[in-house]
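# Tertiary structure, described
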Amino acid sequence: MPGSNIIQCDVCQSNEAEVFLTQIVGGKMQKVNLCKSCSKDRGVDDPTGFALTELLAGLGTSTETEKPAVAHGSGESSGETTTVVTAAKCPVCGFTQADFKKTGRLGCSECYQTFTESLGSLLKAMHKGTHHTGKMPVALARRKEITERMKSLQDNLQKAVRDEDYENAASLRDQIRRLSGQMGN
Amino acid sequence: MKFSSLIASPGEWMRTDGPHHDIVISSRVRLARNLRDLPFPGWAKKADRIAILEQLKPQVESLGEMDDAFTEYLQDLSALEKQVLVERHLISREHAAKGIGSAVVMNRQQTLSIMINEEDHLRMQAIRCGFQLKNAYKLANKADNALEDTLEFAYSPQLGYLTACPTNVGTGMRASAMLHLPALVLDENINKVIQAVNKIGLAVRGLYGEGTEAMGNLFQVSNQTTLGEKEEDIINRLGKVIEQIIEHERSARQTLLEKKRTMLVDQIGRAYGILSHAFSMNSKEALNFLSLIRLGVDLGFFPSAFRLPADELFMETQPAHLQKNSQQKLSADERDALRAEIVRGKLRNFPAPDLSKGTSNGHGKEGAKD
């Protein structure tokens, strides 16, 4: 019967779908069918403003890998292998794993620490790598550079003293002094 | 700066020049940043959101780039004003839905727009005309550098910048280009291109109706991942792919001219005829026909002086821009009638397409790369 060919909207499950979205991400095909009003609600009629993955996350069909978070630093030793999953709660903002499942978003920056275990596999599936290699805050980068330079100066100083190269050692000591001055700023 | 003067002039990116502007409409880069240990906007209580906003807003406003900025709390903008900003890509749809506790600050040229308390505490977006991803990144990065002088952003050495959504963690950067690809759509090669782009981890977005046609033949290509790759590498990778898509579109245009000329001139001629004579037109229909007029200008069927008026119609026929001068809210039918009227008025000055012309080496080919 041709009437049965009507495709339902994946969001409201009642209207006829008129917008058909397909996105292939990393070889995985994702399809969503939406009716006119739901597509509008979700901003799909703006070709620049939506992401299918976000739509999917909202529908609970995202491809996230789930793993119960283990309560972090709680010191409770259950001793049993069949631990009842205590819902981990972010100590800073009170966000829980269930909240994450519901919203697909985290509560605050500390949540990345709190839910580090369950996030690990998710981030791995989502991204190209698991370590940030890009920009870091300039102040932090500067501090890191100074720390590294300090370490290398100190190593050289030790070596110079060992080798009884006192002239070099004196110069290194002056450089270390200047650098410590900078660190104070 | 007042809202009225903001919308009176088009944004810098809408001037339709810049490298490869015949195919690349605009390049955008946005950076997501958050303050350390404070709840993300979606989780924060109203009082927290307001406190964060009041901490961030003066800092953002004091950026050198924000001299004579347009700055406004979201609750003080009308629904229509918000929609105008969305149509100009100056705020996101998500941000437009916000009220108390959120704000937007944008520079006079409309090249830098900073949303406060969108999904993240800060969303800094730079938008440039044509193919200028690197320049867009420079602009956003400069704002980021200036702000982190006084603000402590959430950052972890392993995961980089921490964002409300794990899809943005790392660089917090989304770089994208809006591409106009009518020839690839007409010769039905667009799906191949989209699939190839998707395969290498980049996202192509566009509205798909029945079939494979996107609205106005406009497609947005962007990076999908933000962790594990440097900003410059992401932008270079994206840029190389966009260069390839530009080449594909150019050769598709050449093929149409040489092998499917009748179909091509028929499409452009019909678009011109309907736009010049219609009395009611929805925005999708308008965009699809305007796309063909734009192609007609690119191929030399219309004098190049008509590029700007044609491009302006892309924006002027959007629902909110259409209504911005109306006193009361228009119904859908009234909008469609007004849209047709505006289009007819502008096309009255257009000469009929000179279909004896036609060269894909017309305008904009020799754009310098950024």
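Throughout, a residue's number is its position along its own chain's written sequence, starting from 1. In the order they appear in the text, chains get letters beginning with A and ligands get numbers beginning with 1. Note on the predicted model: pLDDT of at least 70 is required for a residue's local features to be given, and 80 or more for side-chain atom pairs to be given and counted; whole-chain, interface and lining totals, by contrast, use all residues. Side-chain numbers here rest on the full set of heavy atoms in the structure, without hydrogens or water.

The helix count covers DSSP runs of H or I at least four residues long, the strand count covers runs of E at least two residues long, and both are numbered beginning at the N terminus. Helices and strands together make up the secondary structure of chain B, namely 13 helices and 10 strands. Between the two quantities, the radius of gyration covers C-alpha atoms and the globule rule is 2.2 Å times the number of residues to the power 0.38. On C-alpha atoms alone, chain B measures out to a radius of gyration of 21 Å, which is about the 21 Å that the 2.2 N^0.38 rule sets for 370 residues. Seen through its C-alpha atoms, chain B measures out along the principal axes to roughly 65 × 50 × 35 Å. Working definition: with a 1.4 Å probe on protein chains only, accessible area under 20% of the residue-type maximum means buried, over 50% means exposed, and in between means partly exposed. By residue count, 60% of the 370 residues in chain B fall in the buried class. In chain B, once contacts between residues fewer than 6 apart in sequence are set aside, the share between residues at least 24 apart is 73%. The Shrake-Rupley method, run with a 1.4 Å probe sphere, supplies the accessible areas, and residue values consider only the shown protein chains as cover. Summed over all atoms, the accessible surface of chain B reaches about 14400 Å², with 50% contributed by carbon and sulfur. Throughout, a contact is declared for two residues whenever any of their heavy atoms are within 4.5 Å.

With that settled, consider the environment of Leu313(B). All names here are of chain B. Secondary-structure assignment places leucine 313 in helix 11 (residues 307-316). For leucine 313, a relative accessible area of 0% corresponds to the buried category. Along the backbone, leucine 313 and alanine 164 are 149 residues apart, and their C-alpha atoms lie at a distance of 37 Å. Excluding anything up to four places from it in sequence, leucine 313 contacts Leu290, Ile342, Val343, Lys346 and Leu347.

Now for the packing of helix 11 of chain B against helix 13 (residues 332-347) of chain B. Residues and elements named next belong to chain B. Between helix 11 and helix 13, whose axes approach to 11 Å, the crossing angle comes to 170 degrees. Comparing the axis directions of helix 11 and helix 13 gives the class roughly antiparallel. Of the residues in helix 13, those touching helix 11 at Pro309, Glu312, Leu313 and Glu316 are Ile342, Val343, Lys346 and Leu347. Along the lines of polarity and charge, the residues of the contact of helix 11 with helix 13 split into five nonpolar, no polar and three charged. Structural elements are reduced to axes, namely lines fitted to C-alpha atoms, with helices fitted over the stretch in contact, and the angle between N-to-C directions of any two is expressed from 0 to 180 degrees. For classification, angles of less than 35 degrees are called roughly parallel, those exceeding 145 degrees roughly antiparallel, those between 65 and 115 degrees roughly perpendicular, and all remaining angles oblique. Gly is placed with the polar residues, together with every amino acid not listed as nonpolar (Ala, Val, Leu, Ile, Met, Phe, Trp, Tyr, Cys and Pro) or charged (Asp, Glu, Lys and Arg).

Another point: the confidence of the model for chain B. Residue and element names in this part refer to chain B. Here chain B shows a mean pLDDT of 89. Residues at 70 or above account for 94%. Of all helices and strands in chain B, the one with the weakest mean pLDDT is helix 1 (residues 3-8) (81), whereas strand 4 (residues 112-116) scores best (97). Between residues 208-213, whose pLDDT stays under 50, and residues either more than four places distant or in other chains, the model counts 13 contacts. The pLDDT score gives, residue by residue, the confidence of the prediction method on a 0 to 100 scale. Note that residues 361-370 has pLDDT below 50 and, in this model, 22 contacts with residues that lie over four places away or in other chains. Across the interfaces of the predicted complex, the ipTM metric reaches 0.83, alongside a pTM of 0.77.

A few words on the confidence of the model for chain A. Residue and element names in this part refer to chain A. A residue-level look at chain A finds 64% of positions with pLDDT of 70 or above and a mean pLDDT of 72. The lowest-confidence element of chain A is helix 2 (residues 52-59), averaging 44 in pLDDT; the highest-confidence one is helix 4 (residues 111-114), averaging 93. This model gives residues 45-86 a pLDDT under 50, and the stretch forms 70 contacts once residues within four places in sequence are excluded.

Attention now goes to the interface of chain A and chain B. Listed per partner, the contact involves 51 residues of chain A and 55 residues of chain B. The term salt bridge refers to a pairing of a side-chain nitrogen on Lys or Arg with a carboxyl oxygen on Asp or Glu at a separation within 4 Å. Counting across the chain A and chain B interface gives two salt bridges. Here Lys135(A) and Asp144(B) are joined by a salt bridge, their closest N and O atoms 2.5 Å apart. Here a polar contact means two N or O atoms within 3.5 Å. Within protein one must be a hydrogen donor candidate and the other an acceptor candidate, and residues neighboring in sequence count only if both atoms are side-chain atoms. Joining chain A to chain B, the criterion identifies 20 residue pairs in polar contact (both at pLDDT 80 or more). Of all elements in the fold, only strand 1 (19-25), helix 2, helix 3 (97-103), helix 5 (116-126) and helix 6 (138-162) of chain A reach the threshold of two or more residues within the side of chain A that touches chain B. For the side of chain A that touches chain B, the leading source of residues is strand 1 of chain A, giving six residues.

This structure, assessed with the given rule, holds 24 salt bridges over all chains. Of the charged contacts, one joins Asp174(A) and Arg173(A) as a salt bridge, the two residues approaching to 3.5 Å between their closest N and O atoms. Asp336(B) serves as the salt-bridge partner of Arg339(B), at 2.9 Å between the closest nitrogen and oxygen. One end of the pair is Arg339(B) and the other is Asp336(B), both in helix 13 and three residues apart, which spans about a single turn. Of the two residues, Arg339(B) and Asp336(B), neither departs from the other in class, the shared state being buried.

In this section: the domain arrangement of chain B. Residues and elements named next belong to chain B. Delimitation of the domains relies on an automatic or database domain assignment. Under the domain assignment used here, chain B contains domain 1 (3-251) and domain 2 (260-347). Computed over C-alpha atoms only, the centres of domain 1 and domain 2 are separated by 26 Å. Taken together, the contacts link 24 residues of domain 1 with 23 residues of domain 2. When domain 1 packs against domain 2, the two sides together hide about 2000 Å² of surface, and 65% of this comes from carbon and sulfur. The interface formed by domain 1 and domain 2 holds zero salt bridges in total. Where domain 1 touches domain 2, the interface holds nine residue pairs in polar contact (both at pLDDT 80 or more). Elements that contribute at least two residues to the side of domain 1 that touches domain 2 include exactly helix 3 (79-87) and helix 6 (182-186). Broken down by element, the residue count for the side of domain 1 that touches domain 2 peaks at four residues, all from helix 3. Of the residues in the side of domain 1 that touches domain 2, the class split is 11 nonpolar, seven polar and six charged. Put simply, buried area is the surface a 1.4 Å probe can reach on two separate parts but cannot reach once they are joined, added for both.

All names here are of chain B. With a phi angle near 65 degrees, histidine 89 is a residue other than glycine that sits in the positive phi range. With respect to the helices and strands, the residue histidine 89 is situated in the loop between helix 3 and helix 4 (93-96). Although it is not a glycine, asparagine 217 adopts a positive phi angle of roughly 55 degrees. With respect to the element layout, asparagine 217 can be found in the loop between strand 9 (202-205) and strand 10 (218-223).

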